[in-house]
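# Structural characterization, general
Here are the chains, one letter per residue:
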Amino acid sequence: MATLEEILELLKGVSDQDKDLVTRAYEFAQEAHKKQKRYSGEPYFLHVSETAKNLAEFGMGAVTISAGLLHDVIEDAEVSKEEMREKFGDEILFLIDGVTKIGKLKYRGVERHAESLRKLFIATAKDIRVIMIRLADRLHNMKTLEHVPAHKRKRIAQETLQIYTPIAHRLGIGRLRGQLEDLAFPYVHPEKYKEVLELRKQKSKETIKRVEKVSKKLKKELAAQKIEVIKTDYRMKHLYSLYKKLLKKDMNIDKVYDIAALRVIVPTVVDCYKALGIIHGIWTPLPGRIKDYIASPKINGYQSIHTTVFTGDGFLVEIQVRTPEMHREAEFGVAAHVSYKNGKILDEKNTTDWVKKILEPFLGGETSGESEQEKAQSVRPAWLSNLIEAQEEVSDPEELLGAIQTDFFDDRVFVFTPNGDVIDLPEGSTPVDFAFAVHTDIGSHMAGAKINGKLSSLETALASGDIVEIVTKNSAHPTPKWLEYAKTSLARRKIRNSISGN
Ligand code: MN
């Protein structure tokens, strides 16, 4: 169980008011869950305290940590919303509500809809902090998955790989992604897990030895050239990411050069490039393996220089060079941008660029001969504009994070078929659009629609999360009236075809 002292310790530097909030939330949750137990037989409160500790470790503020402590009290401990509002205010209630809502979205193993479900997840969350709480919650649930009944484990682990880890990756939280993937791996692919674990074990000893040798020599040379080294260490490749790489290399571990990679952290970007020059002066680089993610960051904002060098004894070692800021961002992603350092938000100016960059693939946008700038402005969603405005006034990380709204899907609705498949439609779509999106035959013979189990009119606008069931009859056919209900061009075209063919 995470103690209150442990959590507060991670929060050092915050105001007494913030400490008081976390303390109240801690004590309230402890009392509210006191009769409940986890599958493991341990007190339920253990789960929420660990969730809160995870959030503190991600660098989140007092409000988010408090919401993490309270995230299950309404759903599982029958505390009323009114009581929560009264005791903890609207903001915390809003966060808990969001956490509960996205907790109800279940992945049903339909892989082709994983992308839609991820979008739905983000759209429903409305606030990045809600996602952070869900991720922290999932991390603890994955750590204790062995206690869950066997028949549920695989589904939960699959959901983690399909929905949660891609979101952690998208938000640039590399550490969390690696942890979640490795926790899920043995439940989803037990045999492969054992195989990869064994392969890594066989190789790791000699690899680490080699990396340490390279590290020693490099540190000496950098010191001689007057480049300060803040830190060197190495990271072992996470098992699941090693597995994915092995799949591309015919499961041949000798073709994987970064089982262990040496990390060198130097003060500035200029030092990074100088260090790269020194590295290549000592060892010959493997052609085609020099990656400058400083000049061209990865889509999730990741920055570093990677190079793989011949160490002279017939082996290869990957070296990654980065600044402390890049390192922090690689580990903590979105959270790194809103954490305090000496009372200032780190990297304040880059936050908007970065958030925009990572979420751009979700935003779409037309490319109709507009300039880059025009394009950027035309696809700029409301949440981004809000963020830009918020940054000008806000110095509190908690507030800034709240400003990173996720309402960029506001013009889409995500609805379910009775089987749990997700259908992605424009806002204002009706059961008519839904029916044709599922299948032409269903649209062409639609006799009625049930929304969330209730018979509903064909002109009802669908809302995200609705479960829609189409009632069909062989004798039913599209009528001109349907054209008034249809919002999508697909449905309108099919209706017209059908009418003119009659
Ligand atoms: Mn929970």
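Our subject is the structure that appears above.
Residues numbered from 1 in each chain as written. Predicted model: local features only at pLDDT ≥ 70, side-chain atom pairs only at ≥ 80, totals over all residues. Heavy atoms only, no water.

## Concerning the overall build of the chain
- Looking only at helices and strands, the chain features 22 helices and 12 strands.
- Here the chain holds 502 residues, and 50% of them are scored as buried.
- By element, 48% of the accessible surface of the chain is carried by carbon and sulfur atoms, the whole surface being about 24100 Å². (Helix = DSSP H or I, 4+ residues; strand = E, 2+ residues; numbered from the N terminus. Buried < 20%, exposed > 50% of the residue type's maximum accessible area, 1.4 Å probe, protein only. Areas by Shrake-Rupley, 256 points an atom, 1.4 Å probe, with all protein chains shown as cover.)

## Topic: the layout of surface pockets
- Counted as a void, the largest pocket has a volume near 1000 Å³.
- Arg177, Arg235, Lys237, Ser241 and Lys298 are the residues nearest the centre of the largest pocket, which is lined by 36 residues in total.
- For the lining of the largest pocket, the element with the most residues is helix 10 (residues 174-188), which contributes six residues.
- Residues that form the lining of the largest pocket fall into these classes: seven nonpolar, 11 polar and 18 charged. (1 Å grid on protein atoms, 1.4 Å probe; cavity = no way out; pocket = protein on both sides within 12 Å on 5 of 7 lines; lining within 4 Å. Points joined across faces, edges and corners; volume = space filled by probe spheres on them. Nonpolar A, V, L, I, M, F, W, Y, C, P; charged D, E, K, R; others polar.)

## Quick look at the sheet that holds strand 10 (residues 446-451)
- Pairing within the open sheet is antiparallel, and its three strands lie in the order 11-10-12. The sheet terminates laterally at strand 11 (454-456) and strand 12 (468-472), the two strands that pair on one side only. Adjacent strand axes in the sheet meet at a mean angle of 40 degrees when their direction is disregarded.
- The strands that helix 19 (residues 431-438) touches are strand 10 and strand 12; relative to strand 10, the one it contacts most, it runs at about 105 degrees. (Pairing = 2+ DSSP bridges. Axes fitted to C-alpha atoms, helices over the stretch in contact; angles between N-to-C directions. Contact = heavy atoms within 4.5 Å.)

## Overview of the coordination of the manganese ion
- Around the manganese ion, the protein contributes the donor atoms His47 (NE2), His71 (NE2), Asp72 (OD) and Asp137 (OD), which lie 2.1 to 2.5 Å from the metal centre.
- The sequence pattern describing where the donors of the manganese ion fall on their chain is H-x23-H-D-x64-D. Placement of the pair is histidine 47 in helix 3 (residues 45-57) and aspartate 72 in the loop between helix 4 (62-69) and helix 5 (73-77), with a sequence separation of 25 residues. (Donors = N, O, S within 2.8 Å, 3.2 Å for Na, K, Ca; no water.)

## What about the sheet that holds strand 2 (residues 260-265)?
- Here five strands make up an open sheet; going across it, the order is 1-2-5-4-3 and the pairing mixed. The open sheet has two edge strands with one neighbour each: strand 1 (231-236) and strand 3 (291-292).
- When strand 4 (residues 305-310) meets strand 5 (residues 316-322), the two strands line up antiparallel, connected through six bridges. Note on strand 5: the bridge partner recorded for histidine 306 is glutamine 320.
- Packing of helix 13 (residues 269-282) onto the sheet brings it into contact with strand 3, strand 4 and strand 5, and relative to strand 4 it is tilted by some 10 degrees.

## A few points about the side chain of aspartate 182
- Considering the arrangement of structural elements, one finds aspartate 182 in helix 10.
- Despite its burial, aspartate 182 pairs with no opposite charge; the closest candidate is arginine 200, at 5.0 Å N-O.
- Polar side-chain contacts of aspartate 182 include one of 2.9 Å to the backbone nitrogen of tyrosine 240.
- Apart from the residues within four sequence positions on either side, aspartate 182 is in contact with Tyr193, His238, Leu239 and Tyr240. (Lys, Arg positive; Asp, Glu negative; His and termini not counted. Salt bridge = Lys/Arg side-chain N within 4 Å of Asp/Glu carboxyl O. Polar contact = N/O pair within 3.5 Å; in protein donor to acceptor, adjacent residues only side chain to side chain.)

## Structural notes on the packing of aromatic side chains
- Applying the stated criterion to the full structure yields seven aromatic pairs.
- Ring geometry for tyrosine 293 versus tyrosine 302: centroids 5.9 Å apart, planes at 70 degrees, classification edge-to-face. Side by side, tyrosine 293 and tyrosine 302 carry an identical accessibility label, which is buried.
- Through successive ring pairs, a cluster of aromatic residues spans Phe185, Tyr193, Tyr240 and Tyr243.
- Sitting above the plane of the tyrosine 44 ring, arginine 38 keeps its charged end 5.8 Å from the centroid. (Phe/Tyr/Trp six-rings, centres within 6.5 Å; stacked < 30°, edge-to-face > 60°. Lys NZ or Arg CZ within 6 Å of the ring centre and 35° of its normal.)

## Things to note about the environment of proline 166
- Looking at the element boundaries, proline 166 is found in helix 9 (residues 150-170).
- Taking the C-alpha atoms as reference points, proline 166 and arginine 118, separated by 48 residues in sequence, lie 8.1 Å from one another.
- Those residues within four positions of proline 166 in sequence are excluded, and the remaining contacts are Arg118, Thr160 and Leu161.

## Considerations on the nonpolar core
- By size, the foremost hydrophobic cluster in this structure holds 78 residues, and its most contacted members are Val22, Leu70, Met84 and Leu135.
- The element contributing the most residues to this core is helix 8 (residues 128-143), with nine residues.
- With residues up to four places along the chain from it excluded, the contact list for leucine 135 reads Tyr164, Ala168, Leu171, Ile173, Leu176 and Leu180. (Core = buried A, V, L, I, M, F, W, Y, C linked by side-chain atoms within 4.5 Å.)

## Overview of the packing of helix 3 against helix 8
- Following both chains from N to C, one finds helix 3 and helix 8 inclined at 125 degrees, their axes separated by 8 Å at the closest point. What the angle tells us is that helix 3 and helix 8 run oblique. The handedness of the crossing between helix 3 and helix 8 comes out as right-handed. Facing helix 3, whose interface residues are Leu46, His47, Glu50, Thr51, Asn54 and Leu55, helix 8 presents Met132, Ile133, Ala136, Asp137, Leu139, His140, Asn141 and Lys143.
- Grouping the amino acids of the contact of helix 3 with helix 8 by side-chain chemistry returns six nonpolar, five polar and three charged. (Parallel < 35°, antiparallel > 145°, perpendicular 65-115°, else oblique. Left-handed = near helix turned anticlockwise from the far one by under 90°.)

## Re the pairing of strand 4
- Within strand 4, five of the six residues are buried, which leaves it mostly tucked inside the rest of the structure.
- Sheet topology places strand 3 next to strand 4; two bridges connect them, and they run antiparallel. Bridge pairing in strand 4 places aspartate 292 opposite isoleucine 305.
- Counted along the chain from strand 4 to the antiparallel partner strand 5, the turn is five residues long, and its residue glycine 312 has a positive phi close to 95 degrees.

## Some details on the pattern of salt bridges
- Considering all chains together, one arrives at 26 salt bridges under this definition.
- Arginine 85 serves as the salt-bridge partner of aspartate 90, at 2.8 Å between the closest nitrogen and oxygen.
- Among the ionic pairs, arginine 175 bridges to glutamate 331, the shortest N-O distance being 2.8 Å. Of this pair, arginine 175 sits in helix 10 while glutamate 331 sits in helix 14 (residues 324-332), and the two are 156 residues apart along the sequence.
- Since its relative accessible area comes to 15%, glutamate 331 is described here as buried.
- Counted as one network, the salt bridges with shared partners bring together Arg235, Lys237, Lys245 and Asp258.

## What to know about the packing of helix 10 against helix 12 (residues 239-248)
- For the pair helix 10 and helix 12, the least separation of the axes is 7 Å and the interaxial angle reads 75 degrees. One way to sum up the angle between helix 10 and helix 12 is to call them roughly perpendicular. Here Arg177, Glu181, Asp182 and Phe185 of helix 10 come into contact with helix 12, specifically with Leu239, Tyr240, Ser241, Tyr243 and Lys244.
- In terms of residue class, the contact of helix 10 with helix 12 is built from four nonpolar, one polar and four charged.

As far as function goes, none of this settles anything; it's purely spatial.
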